[in-house]
Structure formats: C-alpha cells, structure tokens
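Descriptive analysis of the structure
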Amino acid sequence: MTKSMNNNYPYNVINYPSNVADIESSKGGFIFNQLGIDNIELIAKYEVFKKMADKLGLTIEPMPTPKTEETDPKKNILKRIAYEMKQDKQTRLLTDKFQPIVEVLKLPKVGKSKAMYITVIRNIPTLFDVATHHKKAKDSYCLILFAGLHQPSKKISSEAMKIISKIIKRKAFTLHSVDLAIDTTDHRSITHNRKGAFKDNLMPYSKQGVISKGSSLYINDLEHPSISRVLYYDKYLKQLNQQKKEIINNDLRAWKRLEVTLTFDVTKRENKGFIYYINDLNFLDDLYEVQEVARLAKVGSYSNDYLTYQLNSLLDNRFMNNHESREQFNSVESLERFKQSDFRRYVLPM
C-alpha cells in the first residue's frame, strides 16, 4: 500500500525484502532489467523558476552548441516539440511561425562523467495554451525537462538528484509528462519487418498504427487517458551512435529499451505536481498499464527496485546520504545498499 492523497492513506514504514542477489548488472557494471523514470516534464511560471534556480545556485544559460549533429540534444527536444504540435490538432500555430527558446541549467556531475542538465523550454504551443487558460501573457510559462534519470550507462550524481528533488516538490509546478523505461534483452533486430507483429502484439494500444524508423518502433496515436506514446528501440545501437568514444561491451548487443510516455492535462485543478501524482492511486493504475504494455511487447522479467529507489530518494534525500550514492546515485552498489535498508518512505504495492 502507498499513500494516496485522495484516500488518506498514511506513509507505510515497513521491512522491505532484502534480495540483493537478484539485481542484474551488465559486464559494463551497471544495473539492468529495471523499470525506472527516465524523463519528467513540469510546467512553471518562468520568473518563479528563475528565482528558485538562483536560490539553488544554478544559472540559466542558452543550450550549448553540440560538436556533432548526432549528439545534438536541442535537435531531439525540437523533434519532441514538433511531435507535440502535430498531436495538438486545435493549435492555430504553424511550425514556421514561432521559434522555441531552449535554455539549460548545468547540474553537479560524478567525476569525469558527462555533464547533466535541466532543460528549460519556452515559446511553444502547450505553454501558450496554459497562459491563455490562466489569462497570462504568452511568455509567462516554461517547460522544465529532467532527462536521463534512468540511463544505466550514464553516471548520475546524488547532488544532481537532490537539486531535482527540491524542484519537483514545488506544488505550483504542474506535471506535464513522465517517461517510464525498461531495459531488456532481445536478440532480434528491430527493423521494419517487425512492424506488423509489433502492432498485432500491442493491440489495443496500437489500434491507430505503428511507425517504423531506423531501429525504433513507435506508437504515437493512442486512445488512452494517460499513455501518449510507446517506443521500443535498439538501445545498444543508440549508445554506439551517441557515445562513439566510449567502449560498449559486447554483452550489450541485445540491449533493447521500452519507453512509455504518460501525459497529463496541465490546466486541471487536480494536477498538483509530481509528488501529488506519485502518491495518488492514478499512478498505480498507470504503472499497471505500463506493466501490460511490457507484457504485450514481450519484454522479459524486470524489477521495480530502481523505480522504488528513485521515488524514495526524491521524497527523502537522506536515502542518498551514504558513501555509495555519493559516489554515484545510479550504481549497482547504491541500489544494493538501498535494498538492504529496512526504512521506506514509499512502497510500491506491486
């Protein structure tokens, strides 16, 4: 049982099974076969967020120019915005009539690992709709994107997670979307040839069709209240393209990833932010839906341990005040230590 704001359940503090041996890791030394939150998107008043960032010692800067187009984070963000505009059939704006503003806040990193950023986006249709709903100027709001929270091969610092925790606890920052991801092993290549079978397997989620592009299969049009996208892709190939200078172990050649995007109405009064959502029974309903998508996609067995670890750490930063998580939040050792602990602020009943 977990806490639900709508049902007045208290936080449970119980003994949690200590089963460290079942934490799977690759030869590269990172956790595997785990469900976790990869991206979180919030919407906030831009000036309010700027003041909070300043208090946290963070500086908002223009997004840096990438060295190569293949690793261009801005390109990926703009693709996401373009998809959003395509989905928003009521928008009266065309892609050539506005220019999104993309800024970043650099977060503390682990050793010599790559920098981690909070991305801040302005001047996009979703924000115009929010501003119109609240009768504010069109430039009043921004979208805050926390990306890469479940990237096993990328080192995440506990300091970065503590900063993210402080931001997502703000009730005034409404929840726009959450990406849940599962890493799995699949020895078959993801090509156009799998499109038909993928569509058949994912019914009824795939009722509107499946898109095949490169080594990815997308379901973008779903008749579902929460799920807005299902993506299944070759994670190994993506790692090779984005991290050419890093060694990708051969045991990862079958590495595939399933991502499910949940989106929310940012104009509803019930939308009181990320913390409210994860403490609500709607979150559990969505997790069961993700579980069903994974089953239909033929994803093998996986664990919720990393997701539980993420949620507990975001709720209570004391879970990161130990040697292992200070060294690296998302290491096998940090997850093992968490599983051995008896105290929990948050327990998933599934």
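The present account deals with the structure reproduced in this document. By convention here, each chain's residues receive numbers from 1 onward along its written sequence. Note on the predicted model: pLDDT of at least 70 is required for a residue's local features to be given, and 80 or more for side-chain atom pairs to be given and counted; whole-chain, interface and lining totals, by contrast, use all residues. As a rule here, side-chain values cover all heavy atoms of the structure and leave hydrogens and water aside.

Segments assigned H or I by DSSP are reported as helices when at least four residues long, segments assigned E as strands when at least two residues long, and all are numbered from the N terminus. Counting its secondary structure elements, the protein chain contains eleven helices and twelve strands. When a residue's accessible area, from a 1.4 Å probe over protein chains only, is under 20% of the maximum for its type it is buried; when over 50% it is exposed; and in between it is partly exposed. In the protein chain, which comprises 350 residues, the share counted as buried stands at 51%. Should any heavy atoms of two residues lie within 4.5 Å, those residues are counted as being in contact. Sequence separation of at least 24 residues holds for 73% of the intrachain contacts in the protein chain that already meet a minimum separation of 6. Here the Shrake-Rupley method, with its probe set to 1.4 Å, supplies the accessible areas, and only the displayed protein chains count as covering residues. When the accessible surface of the protein chain is split by element, carbon and sulfur atoms take 48% of a total near 17600 Å².

By the secondary structure assignment, Asp286 is in helix 8 (residues 281–296). Positive charges come from Lys and Arg, negative ones from Asp and Glu, while His and the chain ends are left out of the count. Here, a salt bridge means any Lys or Arg side-chain nitrogen found within 4 Å of an Asp or Glu carboxyl oxygen. As a buried residue without a salt bridge, Asp286 has its nearest oppositely charged side chain in Lys268, at a separation of 12 Å. Aside from chain neighbours lying at most four places away, what touches Asp286 is Ser226, Leu262, Phe264 and Tyr277.

This part is about the pattern of salt bridges. Evaluated as defined, the whole model comprises 15 salt bridges. In this structure, Arg257 and Glu259 form a salt bridge, with 3.7 Å as the shortest nitrogen-oxygen distance. Side by side, Arg257 and Glu259 carry an identical accessibility label, which is buried. Each of Asp38, Asp183, Arg229, Arg257 and Glu259 takes part in a single network of salt bridges with overlapping partners.

Let's shift gears to the sheet that holds strand 3 (residues 35–45). Strand pairing is assigned whenever DSSP detects at least two bridges linking the two strands. Spatially, 4-5-6-7-3-8-12-11-10-9 is the arrangement adopted by the ten strands of the open sheet, whose pairing is antiparallel. The open sheet has two edge strands with one neighbour each: strand 4 (61–62) and strand 9 (211–213). Summarising the sheet, strand 4 and strand 5 (residues 101–107) pair through two bridges and their orientation is antiparallel. The residue bridging Glu61 from the neighbouring strand is Val104, located in strand 5. In this analysis, axes come from line fits to C-alpha atoms, helices being fitted only over the stretch in contact, and the angle between any two N-to-C directions falls in the range 0 to 180 degrees. Against the sheet, helix 3 (residues 125–133) makes contact with strand 3, strand 6 (116–122), strand 7 (141–146) and strand 8 (174–185), and its axis sits at roughly 135° relative to strand 7, the strand it touches most.

With eight of eight residues buried, strand 11 (residues 227–234) lies mostly within the body of the structure. In this structure, strand 10 (residues 216–219) lies alongside strand 11, joined through four bridges in antiparallel fashion. Its bridge partner being in strand 11, Ser216 is matched across the sheet by Tyr233. The pairing of strand 11 with strand 12 (residues 255–263) spans seven bridges and is classified as antiparallel. Directly across from Asp234, in strand 12, lies its bridge partner Lys256.

Take the packing of aromatic side chains next. Any pair of aromatic rings gets described here by the distance separating the centres and the angle formed by the planes. Pairing of aromatic rings covers Phe, Tyr and the six-membered ring of Trp, with a centre-to-centre limit of 6.5 Å; geometry is then stacked below 30 degrees between planes, edge-to-face above 60, and tilted otherwise. Inspection of every chain in the model, using the stated rule, returns twelve aromatic pairs. Seen from their ring centres, Tyr277 and Phe283 are 5.2 Å apart, and the 70° between their planes marks the pair as edge-to-face. Of the two residues, Tyr277 and Phe283, neither departs from the other in class, the shared state being buried. Between Tyr306 and Tyr309, the ring centres sit 6.1 Å apart and the planes meet at 65°, which makes this aromatic pair edge-to-face. One end of the pair, Tyr306, and the other, Tyr309, are both in helix 9 (residues 305–315), three residues apart, so they sit about a helical turn from each other. The pair Tyr306 / Tyr309 is uniform in exposure class, with both members buried.

What follows covers unusual backbone geometry. Going from Met203 to Pro204, the amide bond is cis rather than trans, its omega being 5°. Tracing the sequence through the fold places Pro204 in the loop between helix 5 (195–201) and strand 9. Although it is not a glycine, Asn33 sits at a positive phi angle of roughly 55°. Along the chain, Asn33 falls in the loop between strand 2 (31–32) and strand 3. A positive phi angle, close to 65°, is found at Asn123, a residue other than glycine. Asn123 sits in the partly exposed class, given a relative accessible area of 27%.

Further remarks concern the environment of Asp234. In this structure, Asp234 sits in strand 11. For the pair Asp234 and Leu258, spaced 24 residues apart in the sequence, the C-alpha separation amounts to 9.2 Å. Ignoring any residue separated from it by four or fewer positions in sequence, one finds Asp234 in contact with Ile190, Ser215, Trp255 and Lys256. Identification of polar contacts relies on pairs of N or O atoms within 3.5 Å, with a donor-acceptor requirement for protein atoms, meaning one able to donate a hydrogen and the other able to accept it, and with residues adjacent in sequence counted only if both atoms are side-chain atoms. Polar contacts involving the side chain of Asp234 include one to the main-chain amide nitrogen of Tyr236, which spans 3.1 Å.

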